[in-house]
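# Examination of the molecular architecture
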Amino acid sequence: QVQLVESGGGWVQAGDSVRVSCVASGRTYGMGWFRQVPGKERDFVAAISMSGGTTYYTDAVKGRFTISRDSAKNTVYLQMNSLKPEDTAVYYCAADLRETWYLFALDGMEYWGKGTLVTVSS
């Protein structure tokens, strides 16, 4: 079992940047970020391997968002630049303890945080 706690959300204006963080209570293999708008399904945003050497991004955020992690601190970050109003969502951290975590990176990670709201105003 692992617990995840997100932080760093808030209200920003379009074009601004914000970084959200997620601390895990233990060591994990893959970690990722997902987002959800009320009334819609939760969508994959980005994921990263334990070493940080492998990353995945959804097309909508490529070139604007960067996922990184500090494995020594069991922490994953999502740096979000050039934010758009359509990036407004609750951002959820996810983690997986399986070596084959990459099979579940887009859908099916084992553990989830409670989310942090990012609101981008136009």
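Scroll up for the structure.
Residues numbered from 1 in each chain as written. Predicted model: local features only at pLDDT ≥ 70, side-chain atom pairs only at ≥ 80, totals over all residues. Heavy atoms only, no water.

## Digging into the nonpolar core
Residues Leu 4, Met 31, Trp 33, Leu 78, Met 80 and Tyr 91 are the most contacted members of the largest nonpolar core, which totals 26 residues. Within the residue set of this core, elements represented by two or more residues are strand 3 (18–24), strand 4 (30–36), strand 5 (43–48), strand 7 (65–70), strand 8 (75–80), strand 9 (89–96) and strand 11 (116–121). The residues contacting Tyr 91, other than those within four sequence positions of it, are Glu 6, Trp 33, Phe 34, Arg 35, Val 45, Phe 65, Leu 78, Met 80, Gly 115, Thr 116 and Val 118. Formed by seven residues, the second largest nonpolar core is a distinct cluster that contains Phe 34, Phe 44, Ala 94 and Met 109. (Core = buried A, V, L, I, M, F, W, Y, C linked by side-chain atoms within 4.5 Å. Buried < 20%, exposed > 50% of the residue type's maximum accessible area, 1.4 Å probe, protein only. Helix = DSSP H or I, 4+ residues; strand = E, 2+ residues; numbered from the N terminus. Contact = heavy atoms within 4.5 Å.)

## Thoughts on the pairing of strand 3
Among the seven residues that make up strand 3, five are buried, leaving the element largely enclosed by the rest of the structure. Taken together, the four bridges between strand 1 (residues 4–7) and strand 3 define a ladder with antiparallel strand orientation. Note on strand 3: the bridge partner recorded for Ser 7 is Ser 21. Note: strand 3 against strand 8, six bridges, orientation antiparallel. Across the sheet, Arg 19 pairs through a bridge with Gln 79, a residue of strand 8. (Pairing = 2+ DSSP bridges.)

## Focus: the pattern of salt bridges
All chains considered together, the criterion is met by five salt bridges. Across the salt bridge formed by Asp 59 and Lys 62, the nearest N and O atoms sit 3.1 Å from each other. Lys 62 shares its class with Asp 59; the two are exposed. A salt bridge links Arg 98 to Glu 110; the nearest nitrogen and oxygen atoms lie 3.8 Å apart. With Arg 98 in the loop between strand 9 and strand 10 (111–112) and Glu 110 in the loop between strand 9 and strand 10, the pair connects residues that are 12 residues apart, well separated along the chain. Each of Arg 35, Arg 64 and Asp 87 takes part in salt bridges that share partners, so that together they form one network. (Salt bridge = Lys/Arg side-chain N within 4 Å of Asp/Glu carboxyl O.)

## So, the packing of aromatic side chains
Two descriptors summarise a pair of aromatic rings, namely the distance from one centre to the other and the angle between the planes of the rings. Here the structure, examined in full by the defined rule, presents four aromatic pairs. Arranged with centres 6.4 Å apart and planes meeting at 80°, the rings of Trp 101 and Tyr 102 form a pair that is edge-to-face. On the accessibility criterion, Tyr 102 (44% relative accessible area) is partly exposed. The positively charged end of Arg 42 is found above the aromatic ring belonging to Tyr 92, 5.0 Å away from the centroid. Lying across the ring of Phe 104, Arg 98 places its NZ or CZ 3.7 Å from the centre. (Phe/Tyr/Trp six-rings, centres within 6.5 Å; stacked < 30°, edge-to-face > 60°. Lys NZ or Arg CZ within 6 Å of the ring centre and 35° of its normal.)

## Some words on unusual backbone geometry
Positive phi is not limited to glycine here, since Asn 74 has a value of about 50°. Here Asn 74 lies in the loop between strand 7 and strand 8. Although it is not a glycine, Ser 82 adopts a positive phi angle of roughly 50°. Position of Ser 82 among the secondary structure elements: in the loop between strand 8 and strand 9.

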